[in-house]
Amino acid sequence: GEELIYERIGMLRAELKRKLESRLLDSIEQSKSSTLSSYYLENLAAYFSSKQDLLAHMLGSTYRHQKRRADLEQQLRYLNKDEADFAIQLLGFLEQKYILDCHAALQGVLKYWGVLHAPIALVMSGLAVFHIVLVYAFRGAM
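Conventions and cut-offs
Numbering of residues starts from 1 in every chain and runs along the sequence as written. Whole-chain, interface and lining totals are the exception, using all residues; otherwise, since this is a predicted model, local features are given only for residues with pLDDT of at least 70 and side-chain atom pairs are given and counted only at 80 or more. The basis for the side-chain values is all heavy atoms of the structure; hydrogens and waters are excluded. Nonpolar side chains (Val, Leu, Ile, Met, Phe, Trp, Tyr) within 5 Å and like charges within 9 Å form the patches, drawn only from residues with over 30% relative accessible area and no salt bridge. Only the protein chains shown count as cover for residues, with accessible areas throughout obtained via the Shrake-Rupley method and a probe of 1.4 Å. Salt-bridge detection follows one rule: a side-chain nitrogen of Lys or Arg within 4 Å of a carboxyl oxygen of Asp or Glu. Helix and strand definitions follow DSSP, with helices as H or I runs of at least four residues and strands as E runs of at least two, each counted in order from the N terminus. With a 1.4 Å probe rolled over the protein chains alone, any residue whose accessible area is under 20% of its type maximum counts as buried; one over 50% counts as exposed, and the rest are partly exposed. The angle between two axes is taken between their N-to-C directions and runs from 0 to 180 degrees, where each axis is a line fitted to C-alpha atoms and a helix contributes only its stretch in contact. The labels follow the angle: roughly parallel below 35 degrees, roughly antiparallel above 145, roughly perpendicular from 65 to 115, and oblique for the rest. Residue contacts follow a heavy-atom distance rule, with two residues in contact if any of their heavy atoms lie within 4.5 Å. Under the scheme applied here, ten amino acids are nonpolar (Ala, Val, Leu, Ile, Met, Phe, Trp, Tyr, Cys and Pro), four are charged (Asp, Glu, Lys and Arg), and all others, including Gly, are polar.

Moving on: a nonpolar patch on the surface. Where nonpolar side chains cluster on the molecular surface, the patch consists of Leu54, Leu55, Met58, Leu59, Leu106 and Val109 and spans about 580 Å² of accessible area. Mapped onto the nonpolar patch, the elements with two or more residues apiece are α3 (54-59) and α5 (81-137). Take the nonpolar patch: its biggest share by element is 4 residues, from α3. Leu54 sits in the exposed class, given a relative accessible area of 52%.

With respect to the helices, strands and loops of the structure, Gln89 is situated in helix α5. As for Gln89 and Leu100, which are separated by 11 residues in sequence, their C-alpha atoms are 17 Å apart.

Further remarks concern the packing of helix α1 (residues 9-31) against helix α2 (residues 35-49). The N-to-C vectors of α1 and α2 enclose an angle of 175°; their axes lie 12 Å apart at closest approach. Put simply, α1 runs roughly antiparallel to α2. Of α2, the residues touching α1 (which contributes Leu16, Lys17, Leu20, Glu21, Leu24 and Ile28) are Leu36, Ser37, Tyr40, Phe48 and Ser49. Counted by class, the contact of α1 with α2 contains 7 nonpolar, 2 polar and 2 charged residues.

The geometry of α2 relative to helix α4 (residues 63-75) is characterised by a closest axis approach of 11 Å and an angle of 175° between their N-to-C directions. The pairing of α2 with α4 is recorded here as roughly antiparallel in orientation. Where α2 abuts α4, its residues Leu36, Tyr39, Leu44 and Tyr47 lie against Arg68, Asp71, Leu72 and Gln75. Along the lines of polarity and charge, the residues of the contact of α2 with α4 split into 5 nonpolar, 1 polar and 2 charged.

Glancing now at the pattern of salt bridges. Counting across every chain of the model gives 11 salt bridges. For the salt bridge of Arg68 with Asp53, the shortest nitrogen-to-oxygen distance reads 3.2 Å. You can see Arg68 sitting in helix α4 and its partner Asp53 sitting in the loop between α2 and α3, a full 15 residues away along the chain. Notably, a salt bridge pairs Arg69 with Glu95, separated by 2.9 Å at the nearest N-O pair. Placement of the pair is Arg69 in helix α4 and Glu95 in helix α5, with a sequence separation of 26 residues.

Here it is as structure tokens:
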């Protein structure tokens, strides 16, 4: 709901991961089970530690996000009640991470578009001038 500033997204990602891992430790203490923490370490730790799916976000694809959600929802059947409650919270963390990554990808494109657009426009203008010169140079050749 709030405006995400591009320069702060990295900090927000780190804070999200810190909160998630803190909650994960609390879950292990409360439930006396490590099933969910093992799942997190095997499947989601790398996702929460990095920027991923840049191209997918730019193209608007949600396939990988939906797959992660579905995999986590399937894990609910193997969890006790306390872990299942945390798994539902983990789904919220997963959504927040997806939103942060999506904003980072799209705002990054907007931020650096001007850097790419200006040289490309200059090259295209030069090609147009070159084309006009060639047209006038060879207009009587045929």
